Amino acid sequence: MRGRLLPSLNALRTFEAVARHNSFTRAAEELNVTQSAASRLVHSLEEYLQVPLFTRRSRRIELTDQGRYYSGLVSKSLDLIEAGTVELISSQEGRGTLSIGMLPTFGTRWLVPRLPSFQEAHPEIAINIVSSDGELDFVKERIDVAIRFGPGQWPDAVIDPLMSEEVQVVCTPQLMAGPHPIVDASSLRHHRLIRHSTRPHSWDHWFQTTENSVHDIRWGPSLEHFFMIIEAVKAGLGVALLPTFLIENELRDGTLVAPIHERVSGPGAYYLVTPASKAQLPRVLAFRRWLISQLQ
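Throughout, residues of each chain are indexed from 1 in the direction in which the sequence is written. With pLDDT at 70 or above as the cut-off, local features in this predicted model cover only qualifying residues; side-chain atom pairs require 80 or more to be listed or tallied, and sums for whole chains, interfaces and linings still use all residues. With hydrogens and water set aside, each side-chain value is computed from the structure's full complement of heavy atoms.

1. Overview of the confidence of the model for the protein
- The pLDDT averaged across the protein works out to 91; a share of 96% of its residues lies at or above 70.
- Mean pLDDT per element in the protein: helix H7 (residues 138–141) is the minimum at 79, and helix H8 (residues 173–176) is the maximum at 97. Along the chain, pLDDT gives the predictor's confidence residue by residue, from 0 to 100. A run of H or I in DSSP becomes a helix once it reaches four residues, and a run of E becomes a strand once it reaches two; helices and strands are each numbered from the N terminus.

Below, the structure written as structure tokens:
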């Protein structure tokens, strides 16, 4: 069986530094070698590839088209190797920092209040939580795991289902005491409906699922996160569809009320998403097991 077709790692490292600095001198200083040694290593790489990586004009160098392509590839590969090396060094015996990419409202309302039990069970693991609700890029965001809402399909990842989401119509007690209290879906025509900007079809889904329709809908503000929508409802800006589990405290203390008792399951669910390359790290395994136990 043929082995890998790979050039010298030292030559690749030197080429990446020269390409990044656009200078043999500065690359040699970074790598703590002589300029002639750096030049020889890059030349040996060009001979191995049988492709010119630089054009040399007097004291200036420029990447060729092939060199520009290869430098991007080598740089990304070295970044991955460096990240993996740091990862393993910091994860000895499960120690290190667990970085969690978190949906903002889910994090503040559901996860953070439960984290003390994880910290008590695993005091050796430091926790770093970052707001993360866009396209998943574990390398770029430098996160170990992420909690996402969606259809449950992410490539090259281990996916643990967490919970579905039931939403219901929510407003303030003051609105209910006004001239147009909400007694059924038709009452909604008197009020502004607040929308979630990343889930623009939530109200359509609710109307279709409950087999209701409202003519002349009055749209209120469109907001990006559930915590913004919760505050908008409290401020009297309108009526919203909110996940029940995110507003348990407000419903309990009467800050918000749910005048229509029909709950509708959304088209997606919450998932814990872990890159396959990190799924077996001790600190990641500990968090995955703990999080799933919180839902049982």
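Right, picking up where we left off after that structure.
2. Quick look at the UniProt feature "domain: HTH lysR-type" (unreviewed entry) in the protein
- UniProt positions are given in the numbering used here, feature names are shortened, and annotations may be inferred rather than shown by experiment. In the numbering used here, UniProt assigns the "domain: HTH lysR-type" (unreviewed entry) feature to residues 7–64.
- The distance separating the terminal C-alpha atoms of residues 7–64 is 19 Å; by composition the span is 62% helix and 14% strand.

3. Points about the pattern of salt bridges
- Salt bridge, as applied in this entry: a Lys or Arg side-chain nitrogen positioned within 4 Å of an Asp or Glu carboxyl oxygen. If you walk through the whole model with that rule in mind, you get 14 salt bridges.
- Residue Arg20 pairs with Glu16 through a salt bridge whose shortest N-O separation is 3.0 Å. Of this pair, Arg20 and Glu16 both sit in helix H1 (residues 9–21), separated by four residues, roughly a single helical turn.
- Note on classification: 1.4 Å probe, protein chains only; a residue is buried when its accessible area is under 20% of the maximum for its type, exposed when over 50%, partly exposed between these limits. A relative accessible area of 45% places Arg20 in the partly exposed class.
- Across the pair Glu62 and Arg57 runs a salt bridge, and its minimum N-O distance is 3.4 Å.
- Accessibility expressed as a relative area gives 47% for Arg57, which makes it partly exposed.
- Beyond isolated ion pairs, a larger network of salt bridges with shared partners links Arg109, Glu231, Lys234 and Glu250.

4. Considering the packing of H1 against helix H3 (residues 35–49)
- It is at 9 Å that the axes of H1 and H3 come closest, and there the two elements cross at 110°. With respect to each other, H1 and H3 are oriented roughly perpendicular. Contacts from Asn10, Ala11, Leu12, Thr14, Phe15 and Val18 of H1 reach H3 at Ala38, Leu41, Val42, Ser44 and Leu45.
- Residues are sorted three ways: Asp, Glu, Lys and Arg are charged, Ala, Val, Leu, Ile, Met, Phe, Trp, Tyr, Cys and Pro are nonpolar, and all the rest, Gly among them, are polar. Residue composition of the contact of H1 with H3, grouped by class: eight nonpolar, three polar and no charged. Here the axes come from fitting lines to C-alpha atoms, over the contacting stretch only for helices, and the angles between their N-to-C directions go from 0 to 180 degrees. Oblique is the label for every angle not falling under 35 degrees (roughly parallel), over 145 degrees (roughly antiparallel), or within 65 to 115 degrees (roughly perpendicular). Residues are treated as being in contact if the distance between any of their heavy atoms lies within 4.5 Å.

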